[in-house]
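Below, each chain spelled out in residue letters.
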Amino acid sequence: DTPKKSAQGYVVFESVESIKAALEMNNTPYESQTIRVDHAAPTTDSSRSVFVGNLPYGADEETLRDHFFKHLSEGEDLNEREGSAISGVRIIRDKETQKC
């Protein structure tokens, strides 16, 4: 078996206003990869979600959350900037092995 080199995930925001800024992160560096950020297929609330592809295989939810948090907040207090808070992050993993 050849190990996977990348993973996929989703970021869900508190408000739809964050989607535009998140989509601007398409083709930007994240750890050792250039990530793909696109509109999410129907999820719990696809209007507040983005798909993130080409994540490094070992990526975890916390560092992905921090990456989007840093880019969207740009030094501002997220409690004062409406719409930029992140509601959830999920990296797709195998149900049995918990590997990407």
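Computed from a predicted model, the values in this text were never measured in an experiment.

### Points about the environment of Pro-29
And then number 1: Tracing the chain through its elements places Pro-29 in strand S2 (residues 28-30).
And then number 2: C-alpha of Pro-29 to C-alpha of Leu-55: the two residues are 26 residues apart in sequence and 9.7 Å apart in space.
And then number 3: Pro-29 has contacts with Thr-34 and His-67, leaving out every residue within four places of it along the chain.

### What about the pairing of strand S4 (residues 49-56)?
The side chains of a regular strand alternate between both faces of the sheet.
And then number 1: Taken across its eight residues, S4 has seven buried, putting it largely inside the fold.
And then number 2: Both strand S3 (residues 33-39) and S4 contribute to a ladder of four bridges, which runs antiparallel. Residue His-39 lies in a different strand from S4, and its bridge partner there is Val-50.

Conventions and cut-offs
- Residues numbered from 1 in each chain as written.
- Predicted model: local features only at pLDDT ≥ 70, side-chain atom pairs only at ≥ 80, totals over all residues.
- Heavy atoms only, no water.
- Helix = DSSP H or I, 4+ residues; strand = E, 2+ residues; numbered from the N terminus.
- Contact = heavy atoms within 4.5 Å.
- Buried < 20%, exposed > 50% of the residue type's maximum accessible area, 1.4 Å probe, protein only.
- Pairing = 2+ DSSP bridges.

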